[in-house]
Amino acid sequence: MKFIHAADLHIDSPLRGLNGYDGAPVQALRGATRRALSALVDLAIEQAVDFVILAGDIYDGNWADFRTGLFFRDQMVRMTREGILVYIVKGNHDAESQITKQLPPVEGVHTFKSTSVETFTIAQLGVALHGRSFPNRAVPEDLVEHYPDASANMFNIGVLHTSLNGRGGHDVYAPTTVDALCGKGYDYFALGHVHAREVVREAGPRIVYPGNLQGRHAKETGPKGCELVTVSAGAITSAQFVPLDVVRWHRLQLDAGGAADVNALRQRFMKAAGELVAGEHERLHALRVIVSGQTELHRIEAEQPGTIAAAIQAGTQDFEGADLWVEEVQLDLRSPLDRDVALKRTDAVGEVVQLVDEIASSEEQLRAWALAQLGSLGTLPSGLADCDPALLTPQALRALLADAEATVLAHLGGMEGSAR
């Protein structure tokens, strides 16, 4: 037999702030979660799988209207018409209490109850699936305690939306341990909730987070998709990850060290981007580019802010073979300035460099300086919460300080040139 395990589809998840990006491929990004689900259904039909497991968070929350639910239902109908069964547990985003709108059920699609653990048996395949849906968004208790022991002479699958013993960046829901899962005697645990793919245990039982089906922002990078599992004589003979994302997010580290001008930077970007997306030309690639290094471009950027981002954008225009969109350009540049020499100067340049070194001498002093300069911003909109000065890392604060130093020194250089 053969089955697919997927999770965290987050269909029609709102992508906030996209309109703020000039030239953003808004329609491609907003439709990505739907197209990824369609690709999953295509794969299930092409591979003639026996059933599909969806381990929670099919939706991102209550539907804005019925179109979201109707789209998902239509995809389920496509599979069941081909004789493919579907088994669903609801997670924190699509818990019983979260989704208030209802549609007629699809025959062949089975949703685990939220009131107690339920077992579905597929006698002709010798499979028993055990699972429980979330009744509410927050489930603080260990649900695995109530899962039954393995059914005899069956291939047993546990379906669970859980944070296990904790995963960075994810709220703690239905916490449990690998030992607790192993104690059930199952063959496979189909997990959901964590958006990065992780094979928690290779075998005895195999325990897998497939990750979300489609990355939705710059923090959800890399290939996204599902698990395709083949079972023969009661044992897993093949388990492979199949990428299904239609938009792939990347963080591209670009070394600008020694780059003399924007054209040199553009060429470096195109080379690095080409290596990053090699062989993956059928999808849109969304890039967050981090430009770092000691370069004369640091001074040029200070004199003409936006120069580096424009050079990167020019690189996407010249790039052939794949569709690229630069979501953001972050700068971590250093000036070629000889700081030891500058510190000994008795003019304004020396004063600036001395002041910067004094501010950066300790993390406490650096943070106090930043809050004093940026405290007047007040409460930021929710979409800019990551930019709250109080939440910035020491690395981010040092980058801001370096930018401020470069800007001031660039203006001082201009003043010196005028004086001469």
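Up top you'll find the structure we're talking about.
Rules behind the numbers
Residues numbered from 1 in each chain as written. Predicted model: local features only at pLDDT ≥ 70, side-chain atom pairs only at ≥ 80, totals over all residues. Heavy atoms only, no water. 1 Å grid on protein atoms, 1.4 Å probe; cavity = no way out; pocket = protein on both sides within 12 Å on 5 of 7 lines; lining within 4 Å. Points joined across faces, edges and corners; volume = space filled by probe spheres on them. Helix = DSSP H or I, 4+ residues; strand = E, 2+ residues; numbered from the N terminus. Nonpolar A, V, L, I, M, F, W, Y, C, P; charged D, E, K, R; others polar. Axes fitted to C-alpha atoms, helices over the stretch in contact; angles between N-to-C directions. Parallel < 35°, antiparallel > 145°, perpendicular 65-115°, else oblique. Left-handed = near helix turned anticlockwise from the far one by under 90°. Contact = heavy atoms within 4.5 Å. Polar contact = N/O pair within 3.5 Å; in protein donor to acceptor, adjacent residues only side chain to side chain. Phe/Tyr/Trp six-rings, centres within 6.5 Å; stacked < 30°, edge-to-face > 60°. Buried < 20%, exposed > 50% of the residue type's maximum accessible area, 1.4 Å probe, protein only. Pairing = 2+ DSSP bridges.

**Observations regarding empty space enclosed by the protein**
Piece 1. Across all of its chains, the model carries one cavity of 30 Å³ or more by this definition.
Piece 2. In this structure, the largest cavity spans a volume of roughly 70 Å³.
Piece 3. Taken together, Ser 13, Leu 15, Leu 29, Arg 30, Ala 32, Thr 33, Gln 214, Gly 215, Arg 216, Val 247 and Trp 249 make up the lining of the largest cavity.
Piece 4. At the level of secondary structure, the elements contributing two or more residues to the lining of the largest cavity comprise helix H1 (26-30), helix H2 (32-46) and strand E13 (247-255).
Piece 5. Looking at side-chain class alone, the lining of the largest cavity contains five nonpolar, four polar and two charged residues.

**Remarks on the packing of helix H5 (residues 262-276) against helix H7 (residues 307-318)**
Piece 1. Interhelical geometry of H5 versus H7 gives an angle of 50 degrees and a closest axis separation of 9 Å. Classified by the interaxial angle, the pair formed by H5 and H7 is oblique. Considering the relative orientation of H5 and H7, their crossing is right-handed. Contact residues: Val 262, Leu 265, Arg 266, Phe 269 and Met 270 in H5; Thr 307, Ile 308, Ala 311, Ile 312, Ala 314, Gly 315, Thr 316 and Asp 318 in H7.
Piece 2. Tallied by class, the residues present in the contact of H5 with H7 amount to eight nonpolar, three polar and two charged.

**Looking at the side chain of Arg 216**
Piece 1. By secondary structure assignment, the location of Arg 216 is in the loop between strand E10 (206-209) and strand E11 (225-232).
Piece 2. A distance of 3.0 Å separates polar atoms of two side chains, one belonging to Arg 216 and the other to Ser 13.
Piece 3. For Arg 216, the residues in contact, after removing those within four places along its chain, are His 10, Ser 13, Leu 15, Thr 33, Asp 60, His 195 and Trp 249.

**Examining the packing of aromatic side chains**
Working definition: an aromatic ring pair is given by the centre-to-centre distance plus the angle between the planes.
Piece 1. Applying the stated criterion across every chain, the model contains eleven aromatic pairs.
Piece 2. Ring centres of Trp 63 and Phe 66 lie 6.0 Å apart, and the angle between their planes is 70 degrees; this geometry places the pair in the edge-to-face category.
Piece 3. Of the residues examined, Phe 66 reaches a relative accessible area of 38% and is grouped as partly exposed.

**Quick look at the sheet that holds strand E15 (residues 323-334)**
Piece 1. The three strands lie next to each other as E13-E14-E15, forming an open sheet whose pairing is parallel. The two strands at the open ends of the sheet, each matched to only one other strand, are E13 and E15. Averaged over all adjacent pairs, the angle separating strand axes in this sheet is 15 degrees, with direction ignored.
Piece 2. The pairing of E13 with strand E14 (residues 284-294) spans nine bridges and is classified as parallel. Following the sheet pairing, Leu 252 is matched in E14 by Val 289.
Piece 3. Sheet strands touched by H5: E13, E14 and E15. Its angle to E13, the strand with the most contacts, is close to 135 degrees.
Piece 4. Sitting on the sheet, H7 is in contact with E13, E14 and E15, with an inclination near 150 degrees to E15.

**Observations regarding the environment of His 161**
Piece 1. Looking at where His 161 falls in the secondary structure, it is placed in strand E7 (residues 155-161).
Piece 2. Along the primary structure His 161 and Gly 83 are separated by 78 residues, whereas in three dimensions their C-alpha atoms are 26 Å apart.
Piece 3. Contact partners of His 161, with chain neighbours within four places excluded, come to Asp 8, Ala 55, Gly 56, Asp 57, Val 89, Gly 91, Asn 92, Phe 134, Tyr 173, Ala 174, Gly 192 and His 193.
Piece 4. At a separation of 2.8 Å, a polar atom in the side chain of His 161 contacts the main-chain carbonyl oxygen of Ala 55.
Piece 5. A polar contact is formed between the side chain of His 161 and the side chain of Asp 57, at a distance of 3.3 Å.

**Examining unusual backbone geometry**
Piece 1. With an omega of 0 degrees, the peptide bond between Gly 204 and Pro 205 qualifies as cis.
Piece 2. Tracing the sequence through the fold places Pro 205 in the loop between strand E9 (198-201) and E10.
Piece 3. With a phi close to 50 degrees, Ala 48 is a non-glycine residue in the positive phi region.
Piece 4. Phi at Asp 57 takes a positive value of approximately 55 degrees, unusual for a residue other than glycine.
Piece 5. Relative to the assigned elements, Asp 57 resides in the loop between strand E2 (51-55) and helix H3 (66-80).
Piece 6. What makes Asp 57 buried here is its relative accessible area of 1%.

Function-wise, these values are silent; they only describe arrangement.
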